[in-house]
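Letter by letter, the chains look like this.
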Amino acid sequence: MVKPHISNNKKVSGTKDATLKPSNYTVSYAWATESEAEDDTKYVSDNKVKITITDGDAWAKVKVTVTPKETGSYGLAEGAVITGEYYVRRADEATNLSKAKVTFYNKAGTQLRSLEYNGNTFYTPAGNNPEADAVPEDPNAVYVRVTVSGATVDPDLYDVIWTNATAKGKATVVIRGKGVPTEKGMAVGSKNQAVSIKAMGLKGKNLKSYVEKAVSNLKNIFSLI
């Protein structure tokens, strides 16, 4: 038995001009397990969301419908019904990213324990795969490797979000599970990983090369303005 914690009074819907109170709408739920989720006729209407995942299935899909009430100041406008969905998976089948170890690499596969400030924003290219075709030749492209209990998590199962990723100091990288079951598994939860952006080092560089690189970076910055 899997029973997620659902609180209707926290599900607040909004319009362009006003925020609706829970008394202005109803919320209904229907669910189906993995083997039946493709068939809309198999969904069980169950507002208590008491899900039973039997042997042979790894997850259940829950559909949520928010319907404004045709009373009070807000009538049921065309297209006003809001729908959404989420998945519930057996705890032993989902990868919990809150326990993940996160490491950073450049395109060549060298681990980066810190990043070198150059005035541009660090990021992870789409797909997070340095061996993919047409990967950018960009020193600010940083690839992420996520492992849980020693096993590498497939990049398709999570998103990589960078914040404070330009200035010297600490950048924060958020690894967030997509929470969607796939043939590669499913990742849930998130992990925040800090990485240092340090001043550009002069070791192994002469003054001319340092200045040329600094000027090039400044040109890149001003070209974006």
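Residues numbered from 1 in each chain as written. Predicted model: local features only at pLDDT ≥ 70, side-chain atom pairs only at ≥ 80, totals over all residues. Heavy atoms only, no water.

Undergrad: Residues and numbers for the side chain of Asn118, please.
TA: Mapped onto the fold, Asn118 is located in the loop between strand S7 (115-116) and strand S8 (143-148). Relative accessible area serves as the criterion here: at 7%, Asn118 is assigned to the buried category. Reaching out from Asn118, the side chain makes a polar contact with the side chain of Asn140 at a distance of 2.7 Å. (Helix = DSSP H or I, 4+ residues; strand = E, 2+ residues; numbered from the N terminus. Buried < 20%, exposed > 50% of the residue type's maximum accessible area, 1.4 Å probe, protein only. Polar contact = N/O pair within 3.5 Å; in protein donor to acceptor, adjacent residues only side chain to side chain.)

Undergrad: Got a sec to walk through the sheet that holds strand S1 (residues 25-33)? Specific residues and values, please.
TA: Pairing in this open sheet of 4 strands is antiparallel, and the strands run S2-S1-S3-S4 from one edge to the other. Both outer strands of the open sheet, strand S2 (44-45) and strand S4 (82-89), are each paired with one neighbouring strand and no more. (Pairing = 2+ DSSP bridges.)

Undergrad: Any details on the nonpolar core? Residues and values, ideally.
TA: For soluble globular proteins, the rule of thumb is that nonpolar side chains tend to be buried together. Counting residues in each nonpolar core, the largest one holds 21 residues, and the members touching the most others are Leu97, Phe104, Val146, Trp162 and Ile175. Going through the elements one at a time, strand S6 (101-105), S8, strand S10 (158-163), strand S11 (169-177) and strand S13 (190-198) are the ones with two or more residues in this core. Excluding its chain neighbours within four sequence positions, the residues that come into contact with Ile175 are Leu97, Val102, Val144, Val146, Tyr158, Asp159, Val160, Gly189, Ser190 and Lys191. (Core = buried A, V, L, I, M, F, W, Y, C linked by side-chain atoms within 4.5 Å. Contact = heavy atoms within 4.5 Å.)

Undergrad: How would you summarise the sheet that holds strand S9 (residues 151-152) if you had to cite specific residues and measurements?
TA: Pairing in this open sheet of 3 strands is antiparallel, and the strands run S6-S8-S9 from one edge to the other. Single-partner strands in this sheet number two, and they are S6 and S9.

Undergrad: Please give an account of the pattern of salt bridges that cites residues and values.
TA: Here the idea is simple: oppositely charged side chains can pair when their charged atoms come close. By the definition in use, this model includes 5 salt bridges. Across the salt bridge formed by Glu85 and Lys61, the nearest N and O atoms sit 3.4 Å from each other. Remark: Lys61 occurs in strand S3 (residues 59-68) and Glu85 occurs in strand S4; sequence separation between them is 24 residues. In this structure, Lys184 engages Asp156 in a salt bridge whose closest nitrogen and oxygen atoms are separated by 2.5 Å. Of this pair, Lys184 sits in the loop between S11 and strand S12 (187-188) while Asp156 is found in the loop between S9 and S10, placing the two residues 28 residues apart along the sequence. Sharing partners across several salt bridges, the network here consists of Asp154, Asp156 and Lys184. (Salt bridge = Lys/Arg side-chain N within 4 Å of Asp/Glu carboxyl O.)

That is the geometry; function is a separate question.
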